[in-house]
Amino acid sequence: MRKAFFALLAVSPFALAQVPEIQFDSAPEPLKLPANMYFGEATGVAVNKAGHVFVLSRGNTSGPAYGAAATQLLEFDAQGKFVREIGKNLYAWSFGHTVRIDPQQNIWVADKGSDMVVKFNPQGRVLMVFGRKQEASDKETGPLERHKPPLPPDVGRFRQVTDMTWDPRGNTFISDGYINSRVAKVDKLGNWLKSFGEPGSGPGQLNTPHSIAADAKGNLYVADRGNRRIQVFDGEGNVLREIRIDVPVPPGARTAIGPVPDVAKIEAAGSPLTMAPGAPWAVCITPGPNQVLFASDAYPGRVYKLSLDGKVLGWLGESGKQLKQFGWIHEIACPSEKQIWVAELLNWRVQKLTLK
């Protein structure tokens, strides 16, 4: 598989044309913020059945330059008008990662900094919390260390949690995360059932499960970002298949920030393939009987449309700062096959994309 990847990087523009480019538009300022309110890094975006848009932003930041609290959850109506801030000064807010809407229209947030997942009802009241943040009174409280070999994960606790999704039975699956490299499963009552996955690069092993989505059958699509693949599991954690996005990089493709990644050197050093082409940062599956999968990478900064069996149906976008360009898409919301929303870290914004 790795040899095939390097071969694809060197192919001609003709090979790139074999995967069609999707034409699309981006609406200028689709969300209207109140005066004196600003997005920080836009880490998450979700859309409910009424068309309301929820943005998780590292705005309204408070505290020191290092270790500041940076999470803010904002709701907008279907016309992009600001509705409210949810959970202002919530105890779990530390360093926001993703926001999702479950089938019952509850609002869920994963906070990487506090190691917590919070479930709000549609009215914005807290229903359940998962995990526990470090105590501010403890001398030992500080950044989590990444031990080698990794420390075994604890039941009910997370280490830099990233995302969540649900199966048709109402079970919640939580990707955990930058350190534990596993998926946790809890039932609809909040009872911890199991976890699966461990650090590594083999089948069923994970290197930063950064995003997670479920299809209508309850199969799980885990963005195994550091391994540059999407792994598909059933609800019990059995590996079903692996998806790799091997679309050639166009000549002269830019990065959003930093140097063009040298994938051969990264692999030789045994480092995560986070910045490699096709490494999935975010995944989203559309509703309806004919579901498709969307995924994004950081370089060359594209969104990919795939069938659930892993065939790349098309791609769109590039790195940059203008409309229709992207700066590290961190989460995708896909209410339909023709309309998606993307939250960008580097550009501090959310774009509404209409696919043609």
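Computed from a predicted model, the values in this text were never measured in an experiment.

1. Observations regarding the overall build of the protein
Scanning the protein for helices and strands turns up three helices and 24 strands. On C-alpha atoms alone, the protein measures out to a radius of gyration of 19 Å, which is about the 21 Å that the 2.2 N^0.38 rule sets for 356 residues. With the principal axes as the frame, the protein shows a C-alpha extent of 55 × 50 × 45 Å. Here the protein, with 356 residues, has 55% of them falling under the buried criterion. Nonlocal contacts in the protein, meaning residues at least 24 apart in sequence, comprise 49% of its contacts between residues at least 6 apart. Only carbon and sulfur atoms are counted for the fraction: they give 53% of the accessible area of the protein, which is about 16100 Å². Separation of charge centres in the protein, based on 41 positive and 34 negative side chains, amounts to 2 Å.

2. Observations regarding the nonpolar core
A general trend in soluble globular proteins is that nonpolar side chains are found buried together. Counting 18 residues, the largest nonpolar core has Tyr-221, Ile-230, Ile-245, Leu-293 and Leu-306 as the members making the most contacts within it. Elements that contribute at least two residues to this core include exactly β15 (220-224), β16 (229-233), β18 (282-285), β19 (293-296), β20 (303-306) and β21 (312-316). Residues within four places of Ile-245 in sequence aside, it is in contact with Arg-228, Ile-230, Pro-277, Gly-278, Ala-295, Tyr-304, Leu-306 and Val-312. Counting residues in hydrophobic clusters, the runner-up holds 16 residues, among them Phe-326, Ile-332, Cys-334 and Leu-353.

3. Overview of the sheet that holds strand β7 (residues 107-111)
The four strands lie next to each other as β6-β7-β8-β9, forming an open sheet whose pairing is antiparallel. Each edge of the sheet is formed by a strand with only one pairing partner; in this case those strands are β6 (96-101) and β9 (126-131). Neighbour to neighbour, the strand axes of the sheet diverge by 15° on average, direction disregarded. As paired elements, β7 and strand β8 (residues 116-120) share five bridges and run antiparallel to each other. Residue Trp-108 lies in a different strand from β8, and its bridge partner there is Lys-119.

4. A short note on the sheet that holds strand β5 (residues 82-86)
If you walk across this open sheet you meet the four strands as β2-β3-β4-β5, and the pairing is antiparallel. With partners counted over all chains shown, the strands left at the sheet margins are β2 (42-47) and β5, one partner each. Between one strand axis and the next, the sheet turns through 20° on average, direction left out of account. Two elements, strand β3 (residues 53-57) and strand β4 (residues 72-76), share five bridges in a ladder whose sense is antiparallel. Looking at the pairing, Ser-57 lines up with Gln-72 of β4.

5. Focus on the state of the cysteines
Evaluated as defined, the whole model comprises one disulfide. In this model Cys-284 forms its disulfide with Cys-334; the gap between the sulfur atoms is 2.0 Å. The sign of the -95° torsion about the S-S bond sets the Cys-284-Cys-334 disulfide as left-handed. With a gap of 50 residues between them, Cys-284 in strand β18 and Cys-334 in the loop between β22 (329-333) and β23 (339-344) connect regions that are remote in the sequence. Here the two residues Cys-284 and Cys-334 agree in accessibility, since each one is buried.

6. With respect to unusual backbone geometry
Leave glycine aside and you will find that most residues have negative phi; peptide bonds, for their part, are mostly trans. Between Asp-176 and the following residue, Gly-177, the backbone shows a cis peptide bond with an omega angle of -5°. Within the secondary structure, Gly-177 is located in the loop between β11 (172-176) and β12 (182-186). With an omega of 5°, the peptide bond running from Tyr-299 to Pro-300 counts as cis. Along the polypeptide, Pro-300 turns up in the loop between β19 and β20. Its identity is not glycine, yet Ser-181 carries a phi of approximately 55°, on the positive side.

7. Notes on the packing of aromatic side chains
Enumeration over the complete set of coordinates arrives at nine aromatic pairs. Judged by centre distance (6.1 Å) and plane angle (40°), the rings of Phe-158 and Trp-192 are tilted. Taken as a pair, Phe-158 in the loop between β9 and β10 (161-166) and Trp-192 in strand β13 (residues 192-196) lie far apart in primary sequence, 34 residues in all. Given the relative accessible area of 25%, Trp-192 is considered partly exposed. Through successive ring pairs, a cluster of aromatic residues spans Phe-39, Phe-76 and Phe-82. Over the aromatic face of Trp-281 sits the side chain of Arg-225, whose NZ or CZ is 4.3 Å from the ring centroid.

Conventions used here
- Residues numbered from 1 in each chain as written.
- Predicted model: local features only at pLDDT ≥ 70, side-chain atom pairs only at ≥ 80, totals over all residues.
- Heavy atoms only, no water.
- Helix = DSSP H or I, 4+ residues; strand = E, 2+ residues; numbered from the N terminus.
- Rg over C-alpha atoms; globule rule 2.2 N^0.38 Å.
- Buried < 20%, exposed > 50% of the residue type's maximum accessible area, 1.4 Å probe, protein only.
- Contact = heavy atoms within 4.5 Å.
- Areas by Shrake-Rupley, 256 points an atom, 1.4 Å probe, with all protein chains shown as cover.
- Lys, Arg positive; Asp, Glu negative; His and termini not counted.
- Charge placed at Lys NZ, Arg CZ, Asp CG, Glu CD.
- Core = buried A, V, L, I, M, F, W, Y, C linked by side-chain atoms within 4.5 Å.
- Pairing = 2+ DSSP bridges.
- Axes fitted to C-alpha atoms, helices over the stretch in contact; angles between N-to-C directions.
- Disulfide = S-S within 2.5 Å.
- Phe/Tyr/Trp six-rings, centres within 6.5 Å; stacked < 30°, edge-to-face > 60°.
- Lys NZ or Arg CZ within 6 Å of the ring centre and 35° of its normal.

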